Amino acid sequence: MKTVSAVTLDETDRRMIRALQGDGRITNADLARTVNLSESACLRRLRALESAGVISRYAAIINERAVGLPISVFVTVTLSSQSEAMLTAFETAIATVPQVVECYLMTGGSDYLLRLVVRDVDDLERVHSKELTRIPGVTRVSSSVAMRTVVKRGALPV
């Protein structure tokens, strides 16, 4: 993932971002009206936010249950070494596992925190035994199944 430095945003930029987080398919004309800009000025600002990496992409938010992936599992992974080569090898391998929807390099007792989405316990067992534990350097995998989502925001507090 590309590293992006913090960008200075004014209140109009923040209003644009909030509007886009609420509706990523909003037309430029509607966005311009929402933030009180001309369409051309709005489009220029939008392109500047994209170029600066503030807006990295546009996506649809899919209901996990509706597509047959009702179980979220949080997995901690510990590697045998934290060498750059070992971290890079793990990150390359984990990026190929489709059930891994988030992966974070962590401080503390484990090296990585993953969030997986799976169909059922059998699917989790398959991913655990056939994917995660077979990545070279993995020494420990610990899983916790989420019983219920309490807070899940798609929008940042800008």
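Structural data are supplied above this passage.
Sheet architecture is open: four strands sit in the order S2-S3-S1-S4, paired in antiparallel fashion. Two strands lie at the open edges of the sheet, namely strand S2 (100-105) and strand S4 (138-145), each paired on one side alone. Recorded for the sheet is a direction-independent mean angle of 20° between the axes of neighbouring strands. Inspection of the sheet shows strand S1 (residues 71-79) paired to S4 by seven bridges, in the antiparallel sense. Bridge pairing in S4 links Val 73 to Val 145. Strands in contact with helix H4 (residues 84-94) are S1, S2, strand S3 (112-118) and S4; relative to S3, the strand with the most contacts, it is inclined by about 10°. Across the face of the sheet, helix H5 (residues 121-131) comes into contact with S1, S3 and S4 while running at roughly 140° to S3.

Here helix H2 (residues 28-35) crosses helix H3 (residues 39-51) at 95°, and the two axes come no closer than 9 Å. Relative to H3, H2 is oriented roughly perpendicular. Contacts between H2 and H3 involve Asn 28, Ala 29, Leu 31, Ala 32 and Val 35 from the first element and Glu 39, Cys 42 and Leu 43 from the second. Looking at the contact of H2 with H3 residue by residue, the class counts come to six nonpolar, one polar and one charged.

Thresholds, definitions, all that
- Position labels on residues start from 1 in each chain and follow its written sequence.
- Under the rules for a predicted model, residues below a pLDDT of 70 receive no local features and side-chain atom pairs below 80 are neither given nor counted, while totals for whole chains, interfaces and linings still include all residues.
- Neither water nor hydrogens contribute to the side-chain values; these are computed over all heavy atoms in the structure.
- Strands pair, by our definition, only if DSSP identifies at least two bridges between them.
- Helix and strand definitions follow DSSP, with helices as H or I runs of at least four residues and strands as E runs of at least two, each counted in order from the N terminus.
- Note on geometry: axes are lines fitted to C-alpha atoms, helical ones only across the stretch in contact, with angles between N-to-C directions running from 0 to 180 degrees.
- We call two residues contacting when some pair of their heavy atoms lies within 4.5 Å.
- In these notes the angle categories are as follows: under 35 degrees is roughly parallel, over 145 is roughly antiparallel, 65 to 115 is roughly perpendicular, and the rest is oblique.
- Only Asp, Glu, Lys and Arg are considered charged, only Ala, Val, Leu, Ile, Met, Phe, Trp, Tyr, Cys and Pro nonpolar, and every remaining residue, Gly among them, polar.

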